[in-house]
Amino acid sequence: IDPKPTRIDVGLPEDKLIFATFNNSYKLNESMFECWMRMLKRLPDSILWIVDDNPWATANLKAQASKLGVSEQRLIFTPRVFPSAYLSRMALVDVFLDNYPYNAGSTASDVLWMGTPMITLSGKTFVSRMAGSMLFYSKLPELIAHNFQGYEEIAIWLHDNPQERKRIHEVLLQQRLPGNAFDMTRFTRLLEERYYNVSY
């Protein structure tokens with residue numbers, strides 16, 4: 001992991017709350033994007049840091065933001081970078097916004113490993129429950145929403161409570177320790193026990 005950059009280094013404002021979503025652009029949809037824009041309108045001191053995946057997607061997202069009454073200046077696009085730089089930048093994010101119905105998978109794991117608070121919306125399908133499963137086993141079910149309104153309210157709560165963001169950060173760092181969510185040896189043993197105990 002590279003040394004942590006400053007916000008100025010990566011073109012972020014120093015006086016705003018940073019929401020981020022680094023999902024591939026093909027995962028995004030109108031309903032989720034509208035939810036994010038409602039959040040930005042309710043929280044004028046926030047911005048959305050988002051991947052500049054390709055010029056067509058970026059232009060469409062800017063146009064949609066303007067259509068929904070949000071200045072495109074509040075969307076800050078970042079190019080893809082090497083994994084070591086990407087992980088170090090996670091420390092600059094106040095709240096990571098997971099996507100729905102196609103949740104982040106490996107990205108969510110990276111986010112939580114770096115101790116960044118993440119909000120997800122869980123549905124009924126496997127791909128809409130991946131991030132929620134990670135949060136559940138990280139002992140943070142309060143960050144799992146089950147509808148867009150709930151998702152939005154969690155974001156407002158985290159915006160208004162920096163002490164909660166700090167607490168969540170500490171909880172996530174604890175998950176790196178043996179016996180917790182990121183303990184792959186423990187996970188393997190528990191999975192093996194389930195296999196051995198299956199009856200046919």
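Nothing here was measured: the structure is a model prediction, and the numbers come from that model.

Draft legend 1. The pattern of salt bridges, seen in detail. All chains considered together, the criterion is met by eight salt bridges. Across the pair R167 and E142 runs a salt bridge whose closest N-O atoms are separated by 2.8 Å. Residue R167 is found in helix α7 (residues 162-174), and its partner E142 is found in the loop between α5 (130-137) and β6 (144-145); the two are separated by 25 residues along the sequence. Residue R167 is classed as partly exposed on the basis of its relative accessible area of 32%. With relative accessibility at 29%, the residue E142 sits in the partly exposed group. When the shortest N-O distance is used, the salt bridge between E164 and R167 registers 2.8 Å. Linking E164 with R167, this pair stays in helix α7, spanning three residues, or about one helical turn. One continuous salt-bridge network, built from bridges that share partners, spans R38, R42, E152 and E153.

Draft legend 2. Region of the structure containing the pairing of strand β2 (residues 46-51). Across the six residues of β2, six count as buried, placing the element largely inside the fold. Looking at chain direction, strand β1 (residues 17-21) and β2 are connected through five bridges and run parallel. Of the residues in β2, the one forming a bridge with I18 is I47. Each parallel crossover has a hand, and the one from β1 via helix α1 (residues 30-42) to β2 is right-handed. Looking at chain direction, β2 and strand β3 (residues 75-78) are connected through four bridges and run parallel. Pairing of V51 across the sheet is with T78, part of β3. Between the parallel pair β2 and β3, the chain is carried across by helix α2 (residues 55-67), and the sense of this crossover is right-handed.

The rules behind these values
Residues numbered from 1 in each chain as written. Predicted model: local features only at pLDDT ≥ 70, side-chain atom pairs only at ≥ 80, totals over all residues. Heavy atoms only, no water. Salt bridge = Lys/Arg side-chain N within 4 Å of Asp/Glu carboxyl O. Helix = DSSP H or I, 4+ residues; strand = E, 2+ residues; numbered from the N terminus. Buried < 20%, exposed > 50% of the residue type's maximum accessible area, 1.4 Å probe, protein only. Pairing = 2+ DSSP bridges. Right-handed = clockwise from strand over helix to strand, strands pointing away.

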